[in-house]
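Secondary and tertiary structure notes
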Amino acid sequence: MAKEMKVYTGTGKRKTSVARVALTPGTGKITINGRDVNEYFPYQTLVMDLMQPLVATNTSETFDVVANVSGGGFSGQAGAVRHGITRALLEYDSTTPKDSENSFRKILKSEGFITRDPRKKERKKPGLKKARRAPQFSKR
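Throughout this document, residue positions are counted from 1 along each chain, in the order its sequence is written. Only residues with pLDDT of 70 or above have their local features reported here, since the model is predicted, and side-chain atom pairs are shown and tallied only from 80 upward, although totals for entire chains, interfaces and linings are computed over all residues. Processing note: side-chain calculations cover all non-hydrogen atoms of the structure and skip hydrogens and water entirely.

1. What about the side chain of S103?
Each helix is a run of DSSP H or I of at least 4 residues and each strand a run of E of at least 2, with the numbering of both proceeding from the N terminus. Topologically, S103 is positioned in the loop between α3 (74-92) and α4 (104-111). Here S100 takes part through its backbone oxygen, which lies 3.3 Å from a polar atom of the side chain of S103. Excluding residues within four positions of it along the chain, S103 makes contact with D93, T96, P97 and K98. Pairs of N or O atoms are called polar contacts if they sit within 3.5 Å, as long as, within protein, a hydrogen donor faces a hydrogen acceptor (for residues adjacent in sequence, only side-chain-to-side-chain pairs). We call two residues in contact when some of their heavy atoms are within 4.5 Å.

What follows is the structure, encoded as structure tokens:
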């Protein structure tokens, strides 16, 4: 029987998107909802955005990333995958002391990847057209 590979998981969120991410030892292949990352996301900047935690920790060629994403649009989904990758990397590096100079937590925290982006769409208020957009004022 083959030796079992360790899978590191993380759940990432951004706006209304939720991503379940699994990191497995591999060659750096990224799959999102069963499709290649470059095929799934329409813009290369979104791909670069979700790769940031792997690049910061020099593990982009070490792990294969498999993500299931739901909700929101492309930008929110890319942010959710990035957050999930960060959490999975923290699970992988959990044995390293947190105050160590080369711990993933210290690197990812300084880059701002651990904190979930709290910005969401503001709710619509009564009497307004959108959250803050008032109807056009007419003097007469």
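2. A word on the packing of aromatic side chains
Planes of paired rings set the category: under 30 degrees apart is stacked, over 60 is edge-to-face and the rest tilted, where pairs are Phe, Tyr or Trp rings (Trp by its six-membered ring) whose centres lie within 6.5 Å. Applying the stated criterion to the full structure yields seven aromatic pairs. Judged by centre distance (6.3 Å) and plane angle (80°), the rings of Y8 and F63 are edge-to-face. Placement of the pair is Y8 in strand β1 (residues 8-14) and F63 in strand β5 (residues 63-70), with a sequence separation of 55 residues. For Y8, a relative accessible area of 14% gives the class buried. Each residue gets one of three labels from its accessible area relative to the maximum for its type: buried under 20%, exposed over 50%, partly exposed in between, using a 1.4 Å probe on protein chains only.

3. Regarding the pattern of salt bridges
Within this document, salt bridges are pairs made up of a side-chain nitrogen of Lys or Arg and a carboxyl oxygen of Asp or Glu, the two lying within 4 Å of each other. Tallying each qualifying case throughout the model produces six salt bridges. R14 is the partner of D117 in a salt bridge, and the nearest nitrogen-oxygen pair spans 3.5 Å. Residue D117 is found in the segment after α4, and its partner R14 is found in strand β1; the two are separated by 103 residues along the sequence. When the shortest N-O distance is used, the salt bridge between D117 and R119 registers 2.8 Å. Within the structure, one salt-bridge network assembled from shared partners comprises R14, D117 and R119.

4. Some points on a positive patch on the surface
Taken together, the side chains of K121, K129, K130 and R133 define a basic patch exposed on the protein surface. By the element assignment, R133 lies in the segment after α4. Using a relative accessible area of 45% as the deciding quantity, one classes R133 as partly exposed. The patches described consist of residues with a relative accessible area above 30% and no salt bridge, like charges being joined within 9 Å and nonpolar side chains (Val, Leu, Ile, Met, Phe, Trp, Tyr) within 5 Å. Throughout, the Shrake-Rupley method with a 1.4 Å probe supplies accessible areas, and for residues the shown protein chains are the sole cover considered. Residues scored as charged are limited to Lys and Arg (positive) and Asp and Glu (negative), so that His and the chain ends carry no count. Here the site of a charge means NZ on Lys, CZ on Arg, CG on Asp, or CD on Glu.

5. Brief notes about the side chain of T86
Here T86 shows up in helix α3. Setting aside residues up to four positions removed in sequence, T86 forms contacts with P53, L108, F113 and I114.

6. A look at the sheet that holds strand β4 (residues 35-36)
The criterion for strand pairing is that DSSP finds at least two bridges linking the strands in question. Taken together, the five strands give an open sheet; going across it, the order is β1-β2-β5-β3-β4, and neighbouring strands pair in mixed fashion. Edge strands, defined here as strands with exactly one partner in the open sheet, are β1 and β4. Of the pairings in the sheet, the one linking strand β3 (residues 30-32) to β4 comprises two bridges and is antiparallel in character. Opposite T31, over in β4, you have D36 as the bridge partner.

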